[in-house]
Amino acid sequence: MSRSLLVAATASYAANCALGGAVAARRLDTSGARWVHHAVYVSTVVLTAAAAVQLAVRGDRALWRLVPVVAPLSAIPAVSARTRGHVALALAAAPAYAAALSAPRGR
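Residues numbered from 1 in each chain as written. Predicted model: local features only at pLDDT ≥ 70, side-chain atom pairs only at ≥ 80, totals over all residues. Heavy atoms only, no water.

Tallying secondary structure elements over the protein chain gives 6 helices and 0 strands in all. For a compact globule of 107 residues, the expected C-alpha radius of gyration is about 13 Å, and the protein chain comes in at 14 Å, within 12% of that figure. Counting across all 107 residues of the protein chain, residues that qualify as buried make up 28%. As displayed, the protein chain has an accessible area near 6,300 Å², and 67% of this comes from carbon and sulfur atoms. (Helix = DSSP H or I, 4+ residues; strand = E, 2+ residues; numbered from the N terminus. Rg over C-alpha atoms; globule rule 2.2 N^0.38 Å. Buried < 20%, exposed > 50% of the residue type's maximum accessible area, 1.4 Å probe, protein only. Areas by Shrake-Rupley, 256 points an atom, 1.4 Å probe, with all protein chains shown as cover.)

Overall, the coordinates contain 1 salt bridge when judged by the stated rule. For the salt bridge of Asp 60 with Arg 3, the shortest nitrogen-to-oxygen distance reads 2.8 Å. Highlighted residues: Asp 60 in the loop between helix H2 (35-58) and helix H3 (62-66) and Arg 3 in the segment before helix H1 (4-24), separated in sequence by 57 residues. Take Asp 60: its relative accessible area is 2%, and that puts it in the buried class. (Salt bridge = Lys/Arg side-chain N within 4 Å of Asp/Glu carboxyl O.)

Turning to helix H6 (residues 94-102), a few remarks are in order. Every buried residue of H6 is accounted for by Ala 96, Tyr 97 and Ala 100. Buried residues of H6 fall within an arc of 100 degrees about the axis and therefore sit on the same side. Those residues of H6 that are exposed and aimed more than 90 degrees away from the buried face are Pro 95 and Ser 102. Summarising the contacts, the buried residues of H6 are in contact with H1, H2, H3 and helix H4 (70-75). (Arc of directions from axis to C-beta. Contact = heavy atoms within 4.5 Å.)

Overall, the coordinates contain 1 aromatic pair when judged by the stated rule. Ring centres of Tyr 13 and Tyr 97 lie 4.6 Å apart, and the angle between their planes is 25 degrees; this geometry places the pair in the stacked category. One end of the pair, Tyr 13, is in helix H1; the other, Tyr 97, is in helix H6, and 84 residues separate them in sequence. The two residues Tyr 13 and Tyr 97 agree in class, both being buried. (Phe/Tyr/Trp six-rings, centres within 6.5 Å; stacked < 30°, edge-to-face > 60°.)

When you line up the elements, Thr 30 lands in the loop between H1 and H2. Taking the C-alpha atoms as reference, Thr 30 lies 9.3 Å from Leu 19; in sequence the two are 11 residues apart. Excluding anything up to four places from it in sequence, Thr 30 contacts Leu 19 and Val 23.

What follows is the structure, given as structure tokens:
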């Protein structure tokens with residue numbers, strides 16, 4: 001069974017965390033293109049939803065390990081990006097992505 005959507009969702013999540021971290025550390029200035037971070041967030045959400053559907057259709061147990069990302073991904077737009085809460089929410093999804101990737105394949 002292929003988990004390519006799960007891998008793509010995780011990669012998008014990691015890229016968005018890296019981008020946000022670089023901006024927060026002032027290693028990257030996106031003041032003229034803040035939409036990039038938002039676009040990668042939307043990509044992450046869409047890919048994660050598609051991965052969840054794919055896992056559900058296949059009856060893959062990784063779905064249950066991915067479910068916890070719903071809370072932080074849903075809440076993060078409501079928290080100012082200039083706060084530690086935004087960072088904490090973003091990082092709260094990492095264990096679920098890792099657990100889903102490492103889940104044994106199948107039912």
